[in-house]
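Chain and residue survey
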Amino acid sequence: MARKSYSKHIPDFRLVTHYAENRTSIVHRMNPKTKAALLVLVVLFVIILQQPYLLAALLIATILFYLAARLPLGLLIGWYSLPVFFVVTLSILFLFSEPGRQIASTRLLGTNIGITDNGALLVIDLLMRALAAVTFSLTFFMTTKYTYVAVIASKVLPNPIDIIFLLSYRFTFETSDEVADVLDAMHSRSGGLIKGASRQTRMFANIVGLAFVHAFERAERIAKAMEARGFSGRFPMTERLPKARWADYAIIVTVSAALAVVTYSRYFSHLTGL
Amino acid sequence: MAHIHLEDGAFTILWVFVWTAAAAVVILVALLRLGRGKLATPRLAIASMCVAVGFAAFQIEIPVFGGVHLNLTPLMGILVGPSLGSLCVLTINIFSAAIGHGGWSMIGVNTLINTVEVVLGYAIYRFSREYLRTRRFAAGFASASIALTVSAFVAVAIVAISEIQGSSLTRAETLTNMWVLALGNIITGLFEGVVTGYIVSFLGRVRPDLLGEKAEVKVERGEALPEVTSDG
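In this report, we go over the structure that sits alongside the text. What you are looking at is a predicted structure, and each value in this text was computed from that prediction instead of being measured.

Looking now at the overall build of chain B. Regarding its fold elements, chain B presents eight helices and zero strands. For chain B, the N- to C-terminal ordering of α and β elements is α-α-α-α-α-α-α-α. Residue pairs at least 24 apart in sequence account for 75% of intrachain contacts in chain B once pairs closer than 6 positions are excluded. Just so you have it, chain B exposes about 9400 Å², and 65% of that area is on carbon and sulfur atoms.

Given below as C-alpha cells:
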C-alpha cells in the first residue's frame, strides 16, 4: 500500500530512508564516518562564522552538497518551512528593535514602526545559519543507510539512550502507518469534513489516544519477544562501518583546518594582534 | 506548534556548552533514578514506543486555528514518569535535529525545556488526581497547559540569558523582544492542554492502568447490579 505523508513541511522519515537506501550518488558512496564528521564541522561553522558572506557561502556549499547527492530541491524547500518558522518566531521583533537605519516603516495605531537594516541582517543571518545546518543534516540522513546510522548511534550515544533511539527509529514507521490508516479511514467516511474546533480536537485526541494504547500493547509484546530471544541490554551490530581512505582523511583535515582558522580569527586574533 | 525549538547558530559556542552541560546533568540524574541506566526491557520498549507515537502525532496537522501541531511532552510525563520521560524527550530532540526541527547544537537546551514540560506534566497530573481529586480531563488540561506555560517562560529566560548571536541588544531588551515567543507558546499550550485532557479521558476509559490508575466501576440507572450471593 502506498503511504503518504500527512504534512508537506515536516520531513517524512519513510521518504528520508527511501532516498538513503535506494538512490546512488557520489555522496551516497561517501564514507558514513566522513559525512558524520562533516555534519559536526558544519554545525560548528554555523555557530562560529560571523561574516554574512561566509555564512552565505556555507549555505550555498551545503545546498550544492545536497544537489550532488541527486536529491530533489523542491522537497528541501518544502522542508525548510519549520526551521524558517522557528527562526522568524524567535527573531521577528529584532527586525524592529535592533539599532540601525530604517529601511521600511509604517504607522500603526499612531506609532511609527520601522524595520532596521541591522534587524533585517540579523534575521537573514540566523536563517542562513539554521538552513545550512538543516540542509547538511538532511543530506546526511538521506544518503546514509540505516545500518550505518545505527552503528554510529550505538557508538556515539550512551546506553540505554542508544537502544531507545534505535528501537524508536524502527517503531516510527509502524506507528506513523497506523496513525495514517486511522486518518485515511476517517477521511473515507467524510470525517475530515466535520466542522467545529471542539469536535476536531476530540477526534484527534481519540486517534492519538488509540495510538498510545496500541503502542503500549505492542511494547509489552515486543519486550516479551526480546526477552525470549535473550536480549541483554545491547543490540548486536553485525554491520561494520567502512574503513576511511586517504581521501576521507584529506576532506576532514582540510575542513577542520578551515574551522581552526575561523575559530582563531573570531576568538584569539585579538590576543596576538593578527 | 506547542513550543518553539531553537535552531543551530542562535547562541554562541559558550552558551551552547553551558546548556548542553546542564542538560547532561539532568539526563544523568534521570539515568541514576532509573537504576544507573540499567532499564528493564519492558521500560525500554515503552519509552521507544512513546517516542514513536510522539513523532507520529507531531506529523498530523489538526485543522483548527489554521493548523496546529502538538508535541505531547506533558502527556509523555503523565504516561511514563519524569525520568523515563526525560530520556524520551532527549531521543525526540535527536530525531528532531536530524530533520531540522531544532538544531544539533541545541539538543541540550531543547531537552532542558522539554524536561520541564515532562516533569511538570507528571507532577501536576498526579497532584490533581490524588490530592485535588479532579476529573481526568481537568487534570490533563491543567498539567499540560501549566507545564507548557512554565516551559515557555523557561525558554524565554534561556534566550534572554544567552542572548541572540549577532544582536547588539542587551539582555533586558532581548527579554522584552521575547513576548511574541512566550505568547505563541502559551496560546498553543492551552490548546495542547485541551487535547491532553481529551486523550487522558480516552485512556482513562479504555486503559486506566496506563495512567497508573484503577478502572472505575460505575453502576448506571437501569443497569443490572452485580449479583450478590447471600443466604440471608
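A few words on the interface of chain A and chain B. Across the boundary between the two partners, chain A contributes 76 residues, which contact 83 residues of chain B. Between chain A and chain B, roughly 7000 Å² of surface is buried when both sides are summed, and carbon and sulfur atoms account for 79% of that area. Taken together, the connections running from chain A to chain B amount to two salt bridges. Between Arg207 of chain B and Glu220 of chain A there is a salt bridge, with its nearest N and O atoms 3.3 Å apart. Linking chain A with chain B are 11 residue pairs in polar contact (both at pLDDT 80 or more), by the criterion used here.

Together, Lys33, Lys155, Arg240 and Lys243 of chain A line one region of the surface with positive charge. Mapped onto the elements of the fold, Lys155 of chain A is located in helix H9 (residues 146–156).

As a further point, take the pairing of strand S1 (residues 102–108) of chain A. All names here are of chain A. Across six bridges, the pairing between S1 and strand S2 (residues 111–116) is antiparallel. In the sheet register, Leu108 faces S2, and the bridge partner there is Thr111. Between S1 and S2, which follow one another and run antiparallel, lie two residues, and Leu109 among them has a positive phi close to 55°.

Now for the packing of aromatic side chains. Residues and elements named next belong to chain B. Evaluated as defined, the whole model comprises 15 aromatic pairs over all chains. Seen in terms of ring centroids, Phe137 and Tyr198 are 5.2 Å apart; in terms of plane orientation they differ by 55°. Their pairing is tilted. Here the residue Phe137 occupies a position in helix H6 (residues 136–162), and Tyr198 occupies one in helix H8 (residues 179–206), the gap between them amounting to 61 residues. Classification of Tyr198 as buried rests on a relative accessible area of 15%.

A pair of packed helices can be characterised by two numbers: the angle between their axes and the separation between those axes. All names here are of chain B. Look at helix H3 (residues 73–80) against H8: their axes get within 10 Å of each other, and the N-to-C directions meet at 30°. The orientation of H3 relative to H8 falls into the category roughly parallel. Considering how the two elements wind past one another, H3 and H8 form a crossing that is right-handed. Residue-level contacts link Thr73, Pro74, Leu75, Ile78 and Leu79 of H3 to Glu192, Thr196, Ile199, Val200 and Leu203 of H8. A per-class count over the contact of H3 with H8 returns seven nonpolar, two polar and one charged.

This part covers the side chain of Ser143 of chain B. Residues and elements named next belong to chain B. Relative to the helices and strands, Ser143 resides in helix H6. Overall, the relative accessible area of 0% leaves Ser143 in the buried class. Within polar-contact distance, the side chain of Ser143 engages the backbone oxygen of Gly140 at 2.9 Å. Not counting residues within four places of it along the chain, the set of residues in contact with Ser143 comprises Ile78, Gly121, Ile124 and Tyr125.

All names here are of chain A. Taken together, the side chains of Ile60, Leu64, Leu67, Leu73 and Ile77 make up a nonpolar region of the molecular surface, amounting to roughly 460 Å² of accessible area. The element contributing the most residues to the nonpolar patch is helix H4 (residues 52–68), with three residues. In this structure, Ile60 sits in helix H4.

Let us look at the state of the cysteines. Residue and element names in this part refer to chain B. Summed over the entire model, instances satisfying the criterion amount to zero disulfides over all chains. Not part of a disulfide, Cys50 finds its nearest cysteine sulfur in Cys88, a span of 5.1 Å. We classify Cys50 as buried; its relative accessible area is 0%. Owing to a relative accessible area of 0%, Cys88 belongs among the buried residues under this scheme.

Cut-offs used in this document
- As a convention, each chain's residues are numbered from 1 in the sequence order in which they are written.
- Chain letters start at A and ligand numbers start at 1, both assigned in the order the entries are written.
- Where totals are concerned, whole chains, interfaces and linings use all residues; where local detail is concerned, this predicted model gives features only for residues with pLDDT of at least 70, and gives and counts side-chain atom pairs only at 80 or more.
- Hydrogens and waters are ignored; side-chain quantities use all the structure's heavy atoms.
- Strands here are runs of E lasting at least two residues and helices are runs of H or I lasting at least four, both read from the DSSP assignment and numbered beginning at the N terminus.
- A contact between two residues is defined here by any heavy atoms of the two lying within 4.5 Å.
- Here the open area of atoms and residues is found with the Shrake-Rupley method and a 1.4 Å probe, where only the protein chains shown may cover a residue.
- Buried area is calculated as the accessible area (1.4 Å probe) missing from two parts once they are joined, with the contributions of both summed.
- Every case where a carboxyl oxygen of Asp or Glu lies within 4 Å of a side-chain nitrogen of Lys or Arg is listed as a salt bridge.
- We call two N or O atoms a polar contact when they sit within 3.5 Å, provided that within protein one can donate a hydrogen and the other can accept it, with sequence-adjacent residues counted only if both atoms are side-chain atoms.
- Candidate patch residues must exceed 30% relative accessible area and have no salt bridge, after which like charges are joined if within 9 Å and Val, Leu, Ile, Met, Phe, Trp or Tyr side chains if within 5 Å.
- Charge counting follows a simple rule: Lys and Arg are positive, Asp and Glu are negative, and His as well as the terminal groups are ignored.
- Charge placement uses NZ in Lys and CZ in Arg. For Asp and Glu, CG and CD serve respectively.
- Only when DSSP finds a minimum of two bridges between them are two strands counted as paired.
- Classification of ring pairs uses Phe, Tyr and Trp, with its six-membered ring standing for Trp, and accepts pairs whose centres are within 6.5 Å; under 30 degrees between planes counts as stacked, over 60 as edge-to-face, and the remaining range as tilted.
- Accessible area is worked out with a 1.4 Å probe on protein chains only. A residue is then buried under 20% of its type maximum, exposed over 50%, and partly exposed in between.
- What counts as an axis is a line fitted to C-alpha atoms, over the stretch in contact for a helix, and the angles between N-to-C directions run from 0 to 180 degrees.
- Geometric relationships in this document are graded by angle, where less than 35 degrees denotes roughly parallel, more than 145 denotes roughly antiparallel, 65 to 115 denotes roughly perpendicular, and other angles denote oblique.
- Crossing handedness is read from the near helix: turned anticlockwise from the far helix by less than a right angle, it gives a left-handed crossing, and turned clockwise, a right-handed one.
- The residue classification treats Ala, Val, Leu, Ile, Met, Phe, Trp, Tyr, Cys and Pro as nonpolar and Asp, Glu, Lys and Arg as charged. All others, Gly included, are polar.
- Cysteine sulfurs are considered disulfide-paired once they come within 2.5 Å of each other.

From the geometry alone we can't say anything about function, so treat these as descriptive.
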